Amino acid sequence: MPNAFKVYTVSSYSNLHAVRLFQRELLALVPHVEVLDWTHLAPSTKLSMQERKRRVTCGQDCLVPGKCANFCHTADLLVYYGDSGKDTALQVGMALAIGTPVLGIPGPLEDVGLMLQHTVSAWVDNPQEAIDIIASVTNCHQGGDPRWPLCTMCHAERVCRLAGKKI
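Reference entry: report on the structure contained in this document. Keep in mind that what you see is a predicted model, and the values were worked out from it rather than measured. (Residues numbered from 1 in each chain as written. Predicted model: local features only at pLDDT ≥ 70, side-chain atom pairs only at ≥ 80, totals over all residues. Heavy atoms only, no water.)

## Here we look at the overall build of the protein
- Secondary structure assignment for the protein yields six helices and five strands.
- Secondary structure elements of the protein, listed N to C terminal, follow the sequence β-α-β-α-α-β-α-β-α-β-α.
- Relative to its 167 residues, the protein shows a buried fraction of 43%.
- As presented, the protein carries roughly 9,300 Å² of accessible surface, and 55% of it is formed by carbon and sulfur atoms. (Helix = DSSP H or I, 4+ residues; strand = E, 2+ residues; numbered from the N terminus. Buried < 20%, exposed > 50% of the residue type's maximum accessible area, 1.4 Å probe, protein only. Areas by Shrake-Rupley, 256 points an atom, 1.4 Å probe, with all protein chains shown as cover.)

Have a look at this one:
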């Protein structure tokens, strides 16, 4: 059986709870998925708001650049969960540079910039639609027979490495 399909969700610290819910739902609904999770590194809510902000701002907690780069490289798919900031856009750029496909979920009031708009491989309207696409890609990945001529008819083709025969 092939290895687990690795998904890395990049987002702003302010979306911490939404990312945790998305990842929990993804793990519950899609077999053979491994979540590359940064949320456990977030500062504890037992700390004061001021201390949490200080730890995130100075890089004491959450992701450090080396971990970001490793997750972007290791992932089979990167999910952009918006509305997010510069650090998240940088990780999307890192993924693009090394060939990791990116699935984007824009924030409800997010005005996605031109660079991010064209860096993301495919955009969806909501987290459930993203989970459906990840399920399609994972099924193909696990099956070992991607049937490449049919990839162009698949709704997940733009974020599937199998479509480009990269796996």
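## Focus: the environment of R24
- Within the element layout of this structure, R24 appears in helix α1 (residues 16-29).
- Judged by relative accessible area, R24 falls into the exposed class, the value being 57%.
- For the pair formed by R24 and V35, sequence separation is eleven residues and the distance between their alpha carbons is 9.2 Å.

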